[in-house]
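Chain by chain, the residues:
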Amino acid sequence: MSIHESLRLCTTSEVFYVVPADGSEILEVDRTSGELRLTRNVNAVPPSAAVRQIYGLIGIIRLIAGPYLIVITGRERVGSIGEHGVWRVTDTDIIAFARSVRHLSEVQNRHNDMYLSMVRTVFQTVGFYWSATYDVTHTLQRLQNTTPEFKFLPLHERADQRFVWNRHLLQDIVSQPELSRFALPVMHGCILCRIYWNWCICILTLVFLD
């Protein structure tokens, strides 16, 4: 099962709406309760919502000020494995659920800013990769020897969890099976694709997570 690859993030003061390009379903994230729900109501997004292009959800992180939504806002195609595109994260955004930090003390606010700066620093490093249609955590040989049922599993379930860098950040999403097409496994490491004599050679070096 592939992941929604091209998305619009529509933001209001109450809800984040994550809308795939085909508009087949919409992920609603309640900014007050933190509830995630799926709707197929194409009119769910109000006209007043602020709209921006994103390419995937890295997940949700909780800091002192509350939860933050981490989204991919920039990408670079590094190559292909067969017909499957492989992408590198070039930019992200970390968006607070809370509309203000007035509920924090001065010390809490300072600490929250420090942690937020640390998270931003992590995503400024080079080496986060993903594919919306191919499981890059397994070798081609391994994938050729799997069952048909395995190939129909959502990508986050198929992936070797040792190499899914954002597996903890995805917990709120993967806990609801109906949201599987929004659960994007992201790897950290190096992926190098080169074409030699009409053959595409991909070298993958992924970081092992214990």
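Rules of the game
- Residues numbered from 1 in each chain as written.
- Predicted model: local features only at pLDDT ≥ 70, side-chain atom pairs only at ≥ 80, totals over all residues.
- Heavy atoms only, no water.
- Helix = DSSP H or I, 4+ residues; strand = E, 2+ residues; numbered from the N terminus.
- Buried < 20%, exposed > 50% of the residue type's maximum accessible area, 1.4 Å probe, protein only.
- Polar contact = N/O pair within 3.5 Å; in protein donor to acceptor, adjacent residues only side chain to side chain.
- Contact = heavy atoms within 4.5 Å.
- 1 Å grid on protein atoms, 1.4 Å probe; cavity = no way out; pocket = protein on both sides within 12 Å on 5 of 7 lines; lining within 4 Å.
- Points joined across faces, edges and corners; volume = space filled by probe spheres on them.
- Nonpolar A, V, L, I, M, F, W, Y, C, P; charged D, E, K, R; others polar.

Its place among the elements puts Glu25 in the loop between strand S2 (15-20) and strand S3 (26-30). For Glu25, a relative accessible area of 7% gives the class buried. Here the side chain of Glu25 touches His4 through a polar contact of 2.8 Å, side chain to side chain. A polar side-chain atom of Glu25 sits 3.2 Å from a polar atom in the side chain of Arg40. Beyond its immediate sequence surroundings of up to four residues, Glu25 is in contact with His4, Val18, Pro20, Leu38, Thr39, Arg40, Arg181 and Phe182.

Picture a little ball the size of a water molecule; that probe, rolled over the atoms, points out where space is still empty. Enumeration according to the criterion identifies two cavities of 30 Å³ or more in this entry. If you add up the space inside the largest cavity, you get close to 40 Å³. As for the largest cavity, its lining consists of Ser131, Tyr134, Asp135, Val136, Thr137, Leu155, Ala159, Pro185 and Met187. Of the residues contributing to the lining of the largest cavity, the split by class is six nonpolar, two polar and one charged. For the second largest cavity, the calculated volume is near 30 Å³. Along its surface, the second largest cavity is lined by Ile3, His4, Leu7, Tyr55, Gly56, Leu57, Arg181, Phe182 and Leu184. Here the lining of the second largest cavity is composed, by residue class, of six nonpolar, two polar and one charged.

Turning to the environment of Ile191, a few remarks are in order. Structurally, Ile191 can be placed in strand S10 (residues 187-196). You can call Ile191 buried: its relative accessible area is 6%. Considering only alpha carbons, one finds Ile191 and Val78, 113 residues apart in sequence, at a separation of 7.6 Å.

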